[in-house]
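Next come the chains, spelled out residue by residue.
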Amino acid sequence: MTKTNIKKILAILTIVTLGINSTYAATQIGTWSVSGTSAFDSAIIWNDLIPWSATGTVSGIVVTATVLPTLNMVISTWAINLGILNASTYSSGSLSIEVGTNAANWVTITAKSSTGWLRSASNGSIINNLTTDWLAESYKFSSALGAASDSSVAGYTQTANLDSEVNNSSSWFTLYTTNKPEASSWVNDVVFNVSAKIDQQTPAASDYQDTITITVVWNF
C-alpha cells in the first residue's frame, strides 16, 4: 500500500470519527422536574461514552415535620389548712406543683390572693401585716424547689425562692421559673407554702379564709 493510499484512509477515518462524535456528542435529551415548580428542573444528559447512559439530578428536596406544643400542670391538692393560728410561731400549710412542657424558652408559675389577707366572714376581721385594723399580724406566700430536676436539656435551670407578705389582691407572686423544656414526673417540681401568724388580740373565728389563683405562663 502506497503512502498516498495510507493518507487517504487516515483522512477518511478522521472524517468518520468526527461524524460519529458530532452525531453522538453529549446532549440534553430531557428534564428532571418536580411537579408544580420549575425551581428543581435539571437537564437529563445523553452521554456518548460506552456504555451509553443518561444522567439527571434533582437536588434540594425538603423534608418538614411539626412538633406540637405541650404544657401540663398538676397541683397536689385543692385546699391548704393552716390549722389553729397562734401569736408566737407561724402556722403553715403547703401544696406541690408539677410542670411538664416542651416550651423552649421559659415557664413561670405565679400565685395571687383574691383578697390580700385571710378574712373572717362572720366578724369581718382580717389577717395580714398591715395595721389598717390596728393589728400587725402576718400572712405569707413562699416557695421552694421540690425533688431533683426533671429536665435533661443542656443549660436547664429552675428557681423557686419566694418569701413575701401578702397585702393586696393585685400582686402576682412568682413561685417557680425555668428556662428550658422539662418532663412531667410525679408532682414535686415546686412546693408552695402559705403561712400566717396572729396577734394576741386577733378576733376569734373559725372561718378565716382566702382564695388563691395559680397561673402558669410559658414561652414557646
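In short, a report on the structure. (Residues numbered from 1 in each chain as written. Predicted model: local features only at pLDDT ≥ 70, side-chain atom pairs only at ≥ 80, totals over all residues. Heavy atoms only, no water.)

1. Section: the pattern of salt bridges
- One pass over the structure, following the stated rule, counts one salt bridge.
- One salt bridge in this structure joins Lys140 and Asp163, with 3.0 Å as the shortest N-O distance. Here Lys140 is found in strand β9 (residues 138-145), whereas its partner Asp163 is found in strand β11 (residues 163-165), with 23 residues between them in sequence.
- Given a relative accessible area of 18%, Lys140 falls into the buried group.
- The class of Asp163 is exposed, set by a relative accessible area of 52%. (Salt bridge = Lys/Arg side-chain N within 4 Å of Asp/Glu carboxyl O. Helix = DSSP H or I, 4+ residues; strand = E, 2+ residues; numbered from the N terminus. Buried < 20%, exposed > 50% of the residue type's maximum accessible area, 1.4 Å probe, protein only.)

2. Regarding the side chain of Lys140
- Within the structure, Lys140 has its side chain in polar contact with the side chain of Asp163 (distance 3.0 Å).
- Discounting chain neighbours no more than four positions away, the residues touching Lys140 are Tyr90, Asp163, Ser164, Glu165, Val166, Asn193, Val194 and Ser195. (Polar contact = N/O pair within 3.5 Å; in protein donor to acceptor, adjacent residues only side chain to side chain. Contact = heavy atoms within 4.5 Å.)

3. Focus: the sheet that holds β11
- Here we have five strands laid out as an open sheet, ordered β4-β5-β13-β9-β11, and antiparallel in their pairing. The sheet is open, and its two edges are formed by β4 (71-75) and β11, each paired on a single side. Across the sheet, the mean angle separating the axes of adjacent strands is 20° when strand polarity is ignored.
- Pairing of β4 with strand β5 (residues 91-101) involves five bridges; the strand directions are antiparallel. Counted as the bridge partner of Ile75 is Ile97 from β5. (Pairing = 2+ DSSP bridges. Axes fitted to C-alpha atoms, helices over the stretch in contact; angles between N-to-C directions.)

4. Concerning the sheet that holds strand β8 (residues 126-127)
- The antiparallel open sheet is built from three strands, whose spatial order is β8-β7-β14. Where the open sheet ends on each side, the last strands, each with one partner, are β8 and β14 (208-209).
- Inspection of the sheet shows strand β7 (residues 118-120) paired to β8 by two bridges, in the antiparallel sense. Considered in β8, the bridge of Arg119 is made with Ile126.

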